[in-house]
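Analysis of the macromolecular model
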Amino acid sequence: MHVSGSALPPFQRFLDAEREVVWRYLVSMVGSNDAEDCFQETFVSALRAYPRLRPGSNVRAWVLTIAHRKALDAHRARARRAAPVADPTTAGELSASSPSAHDAAFPQDAQLWDAVGGLPARQRSAVVLRYVADLPHRDIAAAIGCSEEAARRSLHEGLTKLREVVRA
Amino acid sequence: MSKPTTGAAEKVEQALRRGRASARDGDDAANGAGRRERDARAAAAAARRLSERVAQNGLADISYAPADSPFGTLLLAATRRGLTRVAFPEEDMDVVLEKLADRISPRIVEASAPLEAMRRELDEYFSGRRRSFQLALDWTLVGPFARRVLGATAKIPYGGVLTYAEVAARAGSPRGSRAAGNALGANPMPIVVPCHRVLRTGGALGGYAGGLERKRFLLELEDASA
């Protein structure tokens, strides 16, 4: 949904237009258990800031920027809860939430999503924004707060690692 | 020898597009299309919880909800201060909400709880058990002159009627019955602010934004229940 004209549409219409892409993004980023809390926090923040949005803004990229930050917060919070003495090899990277659910139809998917969860935050976000949220590179860059070139690179690096998992 | 890279790339892309399986997934959600549906339902439910929550804790500036009536489904909208809009079924809901966004605030959500009491009062009114509305009104959408006209209208008792000229006089403009008629026609809270109780001198119905049939219906309802 692009905002055009002089007035912002009612928040409810924005919520209805963007809820699904935000939900899918968050389930992919933090897992279905934490997705609800992140979703609520994302749209509460969006509601607070909403009247200050400028007409013509790309609201999808905007709300995914917020969702991205909430997903990172959730990972940090979990990392703090989980491991006072973290394994030095994994402490640097905020790893996946819970292991992915068993997937009867696509058993190999669980392995892939575990690998997604193991990607560095920016790569993980870039991959999910590209394929789950179906965002173009320009909007991925806006959502994770980097240059378009850096977004392309993160996406490429993330995909390269995931292909290795699938091929293995 | 490893498989060609393109094959792996496609597999990764397809799996990513299917989305992540949920721990709560049933068998029906096992395929990609089922997951889309599940995600759509889960997102809609999460959005409903969000709307009700921000309406309850005051983060939203306007809540709206549908309300059944003999005229069909009305749209009710309220700010923190009170009811601000009642829209008839044939009004374009998008346009009604866009105007509220423009005139008051775009922080608008659909939430039933803040409108529950209003909905109950309307039910009671339409079943002849309620003669006056108790809930607070927010007059933000009404200009100063219209506010005087509608304020005088709000004081007409249940089952009673006034002429346009009488309402204009009570609003402080004895010769402004045409202007009073315009203000009544633009009443943002019909039924609740009873503009249907204003008639032409001589008893003709005059006008009604919701249609004369409804005006007659309301007057007969009040006549029968008075």
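Residues numbered from 1 in each chain as written. Chains lettered and ligands numbered in written order. Predicted model: local features only at pLDDT ≥ 70, side-chain atom pairs only at ≥ 80, totals over all residues.

1. Notes on the overall build of chain A
Each helix and strand counted, chain A has eight helices and zero strands in total. Looking at chain A residue by residue over its 168 residues, the buried ones come to 46%. Intrachain contacts of chain A at a sequence separation of at least 6 include 64% that bridge at least 24 residues. (Helix = DSSP H or I, 4+ residues; strand = E, 2+ residues; numbered from the N terminus. Buried ≥ 20, exposed ≤ 12 C-beta atoms within 10 Å, placed from the backbone. Contact = placed C-beta atoms within 7 Å.)

2. Quick look at the confidence of the model for chain A
Residues and elements named next belong to chain A. Mean pLDDT over chain A stands at 84; residues scoring 70 or higher make up 81%. The least confident element of chain A, judged by mean pLDDT, is helix α4 (residues 88-91) at 39; the most confident is helix α2 (residues 32-49) at 96. Low confidence marks residues 85-99, where pLDDT is under 50. Its contacts with residues over four positions away, or in another chain, come to 21 contacts. (pLDDT = per-residue confidence, 0-100.)

3. Some words on the confidence of the model for chain B
Averaged over all residues, the pLDDT of chain B equals 91, while 92% of them reach at least 70. In the predicted assembly, ipTM is 0.89 and pTM is 0.86.

4. Regarding unusual backbone geometry
At A:D134, a residue that is not glycine, the phi angle is positive and equals roughly 60°. Topologically, A:D134 is positioned in the loop between α6 (121-131) and α7 (137-144). The class for A:D134 is exposed, based on 12 C-beta atoms found within 10 Å. A positive phi is found at B:I191, a non-glycine position, where the angle reads about 75°. Position of B:I191 among the secondary structure elements: in the loop between α7 (177-185) and β6 (198-199). Overall, B:I191 belongs to the buried group, with 20 C-beta atoms counted inside 10 Å.

5. Looking at the sheet that holds strand β3 (residues 83-87) of chain B
All names here are of chain B. Reading across the sheet, the four strands line up as β3-β2-β1-β4 and stay open at both edges, with mixed pairing between neighbours. Single-partner strands in this sheet number two, and they are β3 and β4 (108-110). Mean inter-strand twist for the sheet, computed between neighbouring axes without regard to direction, equals 25°. In this sheet, β4 lies alongside strand β1 (residues 62-67) in parallel orientation, the contact comprising three bridges. (Pairing = 2+ DSSP bridges. Axes fitted to C-alpha atoms, helices over the stretch in contact; angles between N-to-C directions.)

6. So, the interface of chain B and chain A
Taken together, the contact between chain B and chain A spans 44 residues of the former and 42 residues of the latter. Among the elements of the structure, α1 (5-18), α2 (32-56), α3 (93-103) and β4 of chain B are those that each provide at least two residues to the side of chain B that touches chain A. Classifying every residue of the side of chain B that touches chain A gives 23 nonpolar, seven polar and 14 charged. (Nonpolar A, V, L, I, M, F, W, Y, C, P; charged D, E, K, R; others polar.)

7. Regarding the pairing of β3(B)
Residues and elements named next belong to chain B. Counted residue by residue, β3 has five buried out of five residues, so it is predominantly covered. Sheet topology note: the strand β2 (residues 74-79)/β3 ladder contains four bridges and is antiparallel. In the sheet register, A78 faces β3, and the bridge partner there is L83. The turn linking β2 back onto β3 is made up of three residues, and G82 within it adopts a positive phi angle of 155°.

8. So, α3(B)
Note that an α-helix has 3.6 residues per turn; residues three or four places apart therefore point the same way. All names here are of chain B. The set of residues buried in α3 consists of L97, L100 and A101. Buried positions in α3, seen along its axis, are confined to an arc of 100° and lie on one side of it. Where α3 is buried, its residues contact β1, β2, β3 and β4. (Arc of directions from axis to C-beta.)

9. Brief notes about the pairing of β1(B)
Residues and elements named next belong to chain B. The buried fraction of β1 is high, at five of six residues. Where β1 meets β2, six bridges bridge the pair, whose relative direction is antiparallel. Bridge pairing in β2 links A67 to L74. Two successive antiparallel strands, β1 and β2, enclose a turn made up of six residues, where G72 displays a positive phi of approximately 110°.

10. Quick word on the packing of α6(A) against α7(A)
Residue and element names in this part refer to chain A. Two elements in contact, α6 and α7, have axes separated by 10 Å at closest approach and are oriented at 140°. Relative to α7, the element α6 is oriented oblique. Seen from above, α6 lies across α7 with right-handed handedness. Packed against α6, whose contacting residues are R122, S125, A126, L129 and R130, the element α7 presents I140, A143 and I144 at the interface. Its residues assigned to classes, the contact of α6 with α7 shows five nonpolar, one polar and two charged. (Parallel < 35°, antiparallel > 145°, perpendicular 65-115°, else oblique. Left-handed = near helix turned anticlockwise from the far one by under 90°.)

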